[in-house]
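Here's the letter readout for the chains.
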Amino acid sequence: MSGLRLVAERTGDGAGQPFLDTENGEELMHVQPGTAIVLGNRSPESPGTLYITTKKVVWLSDTDRRKGYAVDFLSVSLHAVSRDPEAYPDPCLYAQIDNGVEDDESQGSTDEGDQSSDISRITELRLVPSDPNQVDTLFQIFCECAELNPEPIEEEEEEHNWIFSADQLENQEAEEEESEWMISQNSTHSIGRSNGDHDLAHNVLQLQINDQRFEDAEEMDSDSKNGHH
């Protein structure tokens, strides 16, 4: 599922923790308590705890066990450190979300007063730690996890991939040289090495001339013998 989604289930006591897909190798990378989350143009949510795993980012409210959000790293199209007070008053980690929806369809879904808007249509979020010094740490962890989740290559792109490695180019050149060598070997004719129809015709004509010379020599030899008798 692409885009931002609600998290309704937790594990453990108190505020709880997110469920991890351990069967598929998901691991917890970082926990950042005292982190506020800002969805689109909405007001900041009450402080909660940020969980970063090898596959997704999860924010869980510390006061409301029913409130939480998650987004897979495959849906995070951009992340950056924001320290511009005109963009946001506090230092934060800014992220853009690819929700698979056209831009014009997403407009109006992140208004501050629209509490009923679809969470999955939100295309921006900010993570604001209570300790501004943690912003750079969050950015580095985001970078590491993003590298663990490269975009999948579509089958059609694989079939039409015209980028070759050095080994592939060497193999291709070797195959072409072998093909040229076979053509050169097969070009040898029983009459001799033929470089084209012109040379082949010349060789055949030369044989015909030699045959005629042999016939003339036989006739002269026969006439000579008849004369002596």
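Scroll up for the structure.
Below: a short report on this structure. (Residues numbered from 1 in each chain as written. Predicted model: local features only at pLDDT ≥ 70, side-chain atom pairs only at ≥ 80, totals over all residues. Heavy atoms only, no water.)

### With respect to empty space enclosed by the protein
This is how the line gets drawn: Two kinds of site are reported from a 1 Å grid over the protein atoms alone, namely cavities, where a 1.4 Å probe fits but cannot get out, and pockets, open sets with protein on both sides within 12 Å along at least five of seven lines, and residues are called lining when an atom falls within 4 Å of a point. Grid points are joined across faces, edges and corners, and a volume is the space filled by probe spheres set on the points. Helix and strand assignments come from DSSP, with helices taken as H or I runs of at least 4 residues and strands as E runs of at least 2, each series counted from the N terminus.
Enumeration according to the criterion identifies one cavity of 30 Å³ or more in this entry. If you add up the space inside the largest cavity, you get close to 80 Å³. In terms of lining residues, the largest cavity is bounded by 14 residues, among which Ile37, Val57, Val71, Leu125 and Leu127 are the most central. Looking at the lining of the largest cavity, the elements that each hand over two or more residues are β4 (56-61), β5 (68-72) and β8 (124-129).

### Quick notes on the pairing of β5
Put simply, the test is: Exposure categories follow from relative accessible area, calculated using a 1.4 Å probe and restricted to protein chains: below 20% of the type maximum is buried, above 50% is exposed, and the middle band is partly exposed. DSSP-based pairing: two strands are paired if at least 2 bridges between them are found.
A large share of β5 lies buried, amounting to four of its five residues. Relative to β5, strand β1 (residues 5-6) runs antiparallel, the two being bridged by two bridges. Bridging from a neighbouring strand, Arg5 pairs with Ala70 of β5. Pairing geometry for β4 and β5, over five bridges, is antiparallel. For Trp59, the partnering residue across the bridge sits in β5 and is Tyr69. Where β4 hands over to β5, the hairpin turn is made up of six residues, counted between the paired strands.

### A look at the packing of aromatic side chains
Operational definition: Pairing of aromatic side chains here covers Phe, Tyr and the six-membered ring of Trp, requires ring centres within 6.5 Å, and sorts the geometry by plane angle: under 30 degrees stacked, over 60 edge-to-face, intermediate tilted.
For the structure on display, the rule yields two aromatic pairs. Note on Phe73 and Phe142: the rings are 5.4 Å apart at their centroids and 75 degrees apart in plane angle, and the pair reads as edge-to-face. Linking Phe73 in the loop between β5 and β6 (76-82) with Phe142 in helix α2 (residues 135-147), this pair joins segments that are 69 residues apart in sequence.

### Some details on the environment of Ile37
Inclusion rule: The contact definition used throughout considers only heavy atoms, calling two residues in contact when any of these lie within 4.5 Å.
Note on placement: Ile37 falls in strand β2 (residues 28-39). Owing to a relative accessible area of 2%, Ile37 belongs among the buried residues under this scheme. Ile37 sits 32 residues away from Tyr69 along the chain, and the two C-alpha atoms are 9.3 Å apart. Apart from residues no more than four positions distant in its own chain, Ile37 is found in contact with Ser43, Pro44, Glu45, Trp59, Tyr69, Arg126 and Leu127.

### A closer look at the environment of Pro152
Structurally, the position occupied by Pro152 is in the loop between α2 and α3 (155-159). Residue classification places Pro152 among the exposed residues on the basis of a relative accessible area of 67%. Taking the C-alpha atoms as reference points, Pro152 and Leu74, separated by 78 residues in sequence, lie 9.0 Å from one another.

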